[in-house]
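Structural features, examined
Below, each chain spelled out in residue letters.
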Amino acid sequence: MSCRVVVLLSGRGSNFQAIVEATLPIEIVAVISNRPQAAGLAFAREHGLTTVALDHTLHAEREGFDAQLADEIERHQPDLVVLAGYMRILSPAFIYRFEGRLLNIHPSLLPMFPGLKTHERALAEGVKIHGCTVHFVTAQLDHGPIVIQAAVPVRADDTANTLATRVLAQEHQIYPQAIRWFAEGRLLNNDGCVNLKDDLTSQSVLSTGA
Ligand code: GAR
């Protein structure tokens, strides 16, 4: 039986697109967005996937919106919930409901640069390596057991845009990989650290000179 996946997104949806195009052993049972106009929803519709728009601006309270979102997700009985550019902070009650089956991608080498504007901040700090991280979501923002990371060099002439483009290309590699491992039951969570079953050499790092 294939792994049932619900995708949450807020915008462009290029990570979602990479997941669809990777032909993984999963069934995407719903794509849900807090923004009805998200380009990612249009892509999902074009691919015949079930889409749901839940406009968060219609809710005054985060908790109320998250409770409705969680109920909608559970209707689709997912084994895994994938945050693919879902740009809203999730309330602890939501995270608790999906703990252990909630993955996120973040455009930095966590625990460096949680939050927004990661590429600008990486350039301002003068780091020489930047990248992206797939991790299980916990109540602490952009924290939680790390599944896989990819690193890219920072170039002297980089702008936030050129750096973001280089990182995004790696996001599109590591997110499908992480989801494949989850679907294959290969991710072992030991005390907050994720190991890959049957693999003693870490395959969970990608680095590219690109
Ligand atoms: C991606 O870079 C993703 O890592 C980031 O938003 C972008 C969404 O792009 N997510 C976060 O910053 C979450 N903290 P996409 O819609 O094209 O996948």
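Quick summary incoming for the structure in this document. As the structure is a prediction and not an experimental result, all values here were calculated from the model. (Residues numbered from 1 in each chain as written. Predicted model: local features only at pLDDT ≥ 70, side-chain atom pairs only at ≥ 80, totals over all residues. Heavy atoms only, no water.)

In this section: the site of the ligand. Surrounding the ligand, one finds R12, G13, S14, N15, G85, M87, I105, H106, P107, D142, L168 and E171. The contact in question runs from a nitrogen atom of the ligand to an N or O atom on the side chain of H106, over 3.2 Å. Interatomic distance of 2.7 Å between a side-chain N/O atom of E171 and an oxygen atom of the ligand. Protein chains shield 87% of the accessible area of the ligand, which is 450 Å² for the free molecule. Going through the elements one at a time, α1 (14–21), β5 (102–106) and α6 (160–183) are the ones with two or more residues in the shell around the ligand. (Near = heavy atom within 4 Å. Polar contact = N/O pair within 3.5 Å; in protein donor to acceptor, adjacent residues only side chain to side chain. Areas by Shrake-Rupley, 256 points an atom, 1.4 Å probe, with all protein chains shown as cover. Helix = DSSP H or I, 4+ residues; strand = E, 2+ residues; numbered from the N terminus.)

To continue, consider unusual backbone geometry. Residues L110 and P111 are joined by a peptide bond in cis, for which omega reads 10 degrees. The topology assignment puts P111 in the loop between β5 and α5 (118–125). The phi torsion at F113 lies on the positive side, around 55 degrees, for a residue other than glycine. Residue position: F113 is located in the loop between β5 and α5.

Attention now moves to the pattern of salt bridges. In the structure shown here, the tally under the stated rule is five salt bridges. Ionic pairing is found between D71 and R97, a salt bridge with its closest N-O pair at 2.8 Å. Here D71 is found in helix α3 (residues 62–75), whereas its partner R97 is found in helix α4 (residues 92–98), with 26 residues between them in sequence. Here E72 ties to R75 by a salt bridge, and the two come within 3.0 Å at their closest N and O atoms. Of the two residues, E72 and R75 are both situated in helix α3; the distance of three residues between them amounts to about one turn of the helix. Members of the salt-bridge network, linked through shared partners, are D71, E74, R97 and R101. (Salt bridge = Lys/Arg side-chain N within 4 Å of Asp/Glu carboxyl O.)

Right, let's get into the sheet that holds strand β6 (residues 129–136). The strand order β3-β2-β1-β4-β5-β6-β7-β10 describes an open sheet built from eight strands, whose pairing is mixed. What marks the edges here is a single partner per strand, and that holds for β3 (51–53) and β10 (205–207). Strand-to-strand twist of the sheet, defined as the mean angle between neighbouring strand axes without regard to direction, takes the value 20 degrees. In the sheet, strand β1 (residues 3–9) pairs with strand β2 (residues 26–33) via seven bridges, with the strands oriented parallel. If you follow L8 over to β2, its bridge partner there is I32. (Pairing = 2+ DSSP bridges. Axes fitted to C-alpha atoms, helices over the stretch in contact; angles between N-to-C directions.)

Our next topic: the side chain of T133. Assignment of secondary structure puts T133 in strand β6. Given a relative accessible area of 0%, T133 falls into the buried group. Of the polar contacts made by the side chain of T133, one reaches the side chain of Q149; its length is 2.9 Å. Filtering out sequence-adjacent residues up to four positions away, T133 remains in contact with N104, I105, H106, S108, L109, L110, I146, I148, Q149 and I174. (Buried < 20%, exposed > 50% of the residue type's maximum accessible area, 1.4 Å probe, protein only. Contact = heavy atoms within 4.5 Å.)

In this structure the tally under the stated criterion is three aromatic pairs. For the ring pair F16 and F43, a centre distance of 5.6 Å and an interplane angle of 90 degrees mean the geometry is edge-to-face. Here the residue F16 occupies a position in helix α1, and F43 occupies one in helix α2 (residues 39–46), the gap between them amounting to 27 residues. One exposure class covers both F16 and F43, and it is buried. (Phe/Tyr/Trp six-rings, centres within 6.5 Å; stacked < 30°, edge-to-face > 60°.)

Glancing now at α5. All of the buried residues along α5 are T118, H119 and A122. Viewed end-on, α5 has its buried residues packed into an arc of 95 degrees, placing them on one side of the element. Buried residues belonging to α5 abut β5, β6 and α6. Immediately downstream of α5, the backbone of G126 shows phi near 70 degrees, a positive value. (Arc of directions from axis to C-beta.)

What follows is about the layout of surface pockets. Here the largest pocket is characterised by a volume of approximately 1100 Å³. If you go around the largest pocket, you meet 43 residues; those closest to its centre are G85, M87, H106, P107 and L116. Within the residue set of the lining of the largest pocket, elements represented by two or more residues are α1, α4, β5, α5 and α6. Among the elements that line the lining of the largest pocket, the one with the most residues is α6, at six residues. Looking at the lining of the largest pocket, its residues break down into 19 nonpolar, 17 polar and seven charged. (1 Å grid on protein atoms, 1.4 Å probe; cavity = no way out; pocket = protein on both sides within 12 Å on 5 of 7 lines; lining within 4 Å. Points joined across faces, edges and corners; volume = space filled by probe spheres on them. Nonpolar A, V, L, I, M, F, W, Y, C, P; charged D, E, K, R; others polar.)

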